[in-house]
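What follows is each chain in one-letter form.
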Amino acid sequence: MKKMKKMKKLCAVGLAALCLAGSMSCFTMAEASENVQEQAQDQMLYSSRMWESNGHIYTVYNVDAEGYTSLSGNYMDAIAVYEGKVYWRKNNGEENEPAAIIRMEPDGSGQEVLAENAHPSSLLCIDEGFIYYTASDEKGEQKSRRINLDTGENQEAPPYRFRAGNENFWFSTSLEDGIWYCSEPGYKNIRSMSGVNGLRLGALDHKLYYMVQGEDSLYTTCSFDVETGETEILLRNQQAKSIVSGTGLYYKQESNGYTTLYRKDLRTGEEISYDLGEFHLYMGGGFYELGDKICLMRFRPELMPDNTELWELDTQTGEKRLIGQWYNSNAVNAAKEP
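Cut-off values and rules
Residues numbered from 1 in each chain as written. Predicted model: local features only at pLDDT ≥ 70, side-chain atom pairs only at ≥ 80, totals over all residues. Heavy atoms only, no water. Salt bridge = Lys/Arg side-chain N within 4 Å of Asp/Glu carboxyl O. Helix = DSSP H or I, 4+ residues; strand = E, 2+ residues; numbered from the N terminus. Buried < 20%, exposed > 50% of the residue type's maximum accessible area, 1.4 Å probe, protein only. Pairing = 2+ DSSP bridges. Axes fitted to C-alpha atoms, helices over the stretch in contact; angles between N-to-C directions. Polar contact = N/O pair within 3.5 Å; in protein donor to acceptor, adjacent residues only side chain to side chain. Contact = heavy atoms within 4.5 Å. Phe/Tyr/Trp six-rings, centres within 6.5 Å; stacked < 30°, edge-to-face > 60°. Lys NZ or Arg CZ within 6 Å of the ring centre and 35° of its normal.

A.B. asks: Would you mind going over the pattern of salt bridges with me for this structure?
C.D. replies: Close approach of charged atoms allows side chains with opposite charge to pair. The final tally for this structure, using the stated rule, is 13 salt bridges. The partner of Lys188 in a salt bridge is Glu128, and the shortest N-O contact between them spans 3.7 Å. Placement of Lys188 in strand E17 (residues 188-192) and of Glu128 in the loop between strand E10 (125-127) and strand E11 (130-136) is noted, with a sequence separation of 60 residues between them. A relative accessible area of 34% means that Lys188 is categorised as partly exposed. Between Arg267 and Asp205 there is a salt bridge, with its nearest N and O atoms 2.8 Å apart. Taken together, the residues span a long stretch of sequence, with Arg267 in the loop between strand E24 (258-265) and strand E25 (271-277) and Asp205 in the loop between strand E18 (199-204) and strand E19 (207-213) at a distance of 62 residues. A network of salt bridges, in which partner residues are shared, links Arg298, Arg300, Glu302 and Glu309.

Here it is as structure tokens:
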């Protein structure tokens, strides 16, 4: 494995995730609660599935490894952390069935249901004492809602679905026409993003990163700059999808069953590579840059019932270790992706 420079630590206000159940390793529950309450940089204002805090990683995935805490084991769950409380979107396993949003302590105690109508695959985002989410009714109709975290009042919100963001900008699509918009947090000063149309990858600083698939099935990765309104093409003619996590843009190349993972730093432009060997890396999700580690996924349908594997790659040593296995009903199709 070749490495030119140590990775920068993931920005702690980025997307994150946590799951709820099981016992904690390395940290006690009291220590975890203290970490969340006392360190502002540990706030996770936008939900996802993995979160690193002080070298320890919390996840919704079914992980059983030193240095990790799994709090639910359901990879469809997601959380956000705000002012010492965990906000958990608890997926019930049904594709279109409304899900609950629960507020609780970091150790899982004191659970309080704030809403029961969250869309099961939508993201949570928090701004100035309100949690925003996409609601779904029994007919599948979607609306934007927000909850006052002081009073519990559930209110109508501007008609947008949060897609990615940071402390300065939110990127959303309209629930009415699917057009992309950018705004300040809380959907303030919202404006359309002309020319953006594709699969969002993530946001960093003042840019949205997204991917477009052409008629030839090849992928092009682009960025949109909120401050200039300009679009830049970063990668062309890629057979596999790319991923944005932390401050890195990741893409891969496979040859004769061997995989090389590449990382381009989105701030410095520096590129490094990792030799993964005979490892068919899944680029559709389940990939996280967390401090000096990368968590990545592969599907192995032949290993029923545990056909999904989550691995940790140490970016300093190049060593990989298996940290979790579980069943995914889509493993056969996912394993076929380039």
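From this point, the discussion proceeds with the structure in view.
A.B. asks: Sorry if this is basic, but what is going on with unusual backbone geometry here?
C.D. replies: The phi torsion of most residues other than glycine is negative, and most of the peptide bonds are trans. Cis geometry is adopted by the peptide bond preceding Pro305, which originates at Met304 and carries an omega value of 0°. Considering the arrangement of structural elements, one finds Pro305 in the loop between strand E27 (293-299) and strand E28 (308-314). Although it is not a glycine, Ser217 sits at a positive phi angle of roughly 75°. Mapped onto the elements, Ser217 comes out in the loop between E19 and strand E20 (219-225).

A.B. asks: Please explain the pairing of E18 as it appears in this structure.
C.D. replies: A regular strand places its side chains on the two faces of the sheet in alternate fashion. Two strands pair when backbone bridges link them, and E18 and E19 are joined in this way by five bridges, in the antiparallel orientation. Counted as the bridge partner of Ala203 is Leu208 from E19. Linking two consecutive strands that pair antiparallel, namely E18 and E19, is a turn of two residues; a positive phi of about 55° is found at Asp205 within it.

A.B. asks: I'm lost on the sheet that holds strand E15 (residues 170-174) in this one. Help?
C.D. replies: In a beta sheet, neighbouring strands are held together by backbone hydrogen bonds and run either parallel or antiparallel to one another. The four strands are arranged E14-E15-E16-E17 in an open sheet whose pairing can be described as antiparallel. Taken across any chain shown, the strands that pair with only one partner, and hence form the sheet edges, are strand E14 (160-165) and E17. Neighbour-to-neighbour, the strand axes of this sheet turn through a mean angle of 30°, independent of strand direction. Two strands pair when backbone bridges link them, and strand E16 (residues 180-184) and E17 are joined in this way by three bridges, in the antiparallel orientation. Residue Cys182 lies in a different strand from E17, and its bridge partner there is Arg191.

A.B. asks: Please explain the side chain of Asn328 as it appears in this structure.
C.D. replies: Relative to the helices and strands, Asn328 is located in the loop between strand E29 (320-326) and helix H2 (331-335). Among the polar contacts made by the side chain of Asn328, one reaches the main-chain amide nitrogen of Asn330 at a distance of 2.7 Å. Excluding anything up to four places from it in sequence, Asn328 contacts Tyr75, Phe299, Asn307 and Thr308.

A.B. asks: Got a minute to help me understand the sheet that holds E29 in this structure?
C.D. replies: Strand order across the open sheet formed by four strands is E26-E27-E28-E29, with antiparallel pairing between neighbours. Two strands close off the open sheet at either side, each with one partner strand: strand E26 (288-290) and E29. Put simply, the sheet's adjacent strands are angled 25° from each other on average, direction ignored. In this structure, E26 lies alongside E27, joined through three bridges in antiparallel fashion.

A.B. asks: Just to check I follow, could you spell out the packing of aromatic side chains for this structure?
C.D. replies: Any aromatic ring pair is given by two values, namely how distant the centres are and how the planes are angled relative to each other. Taken as a whole and judged by the stated rule, the model has 15 aromatic pairs. Here the aromatic rings of Phe162 and Trp170 are separated by 5.3 Å at their centres, their planes lie at 75°, and the arrangement is edge-to-face. Pair check on accessibility: Phe162 and Trp170 agree, each one buried. Through a chain of ring-to-ring contacts, three or more aromatic side chains come together here, namely Tyr46, Tyr132, Tyr160, Phe162, Trp170, Tyr181 and Tyr187. In this arrangement the basic side chain of Arg146 is found over the ring face of Phe130, its NZ or CZ atom lying 3.7 Å from the centre.

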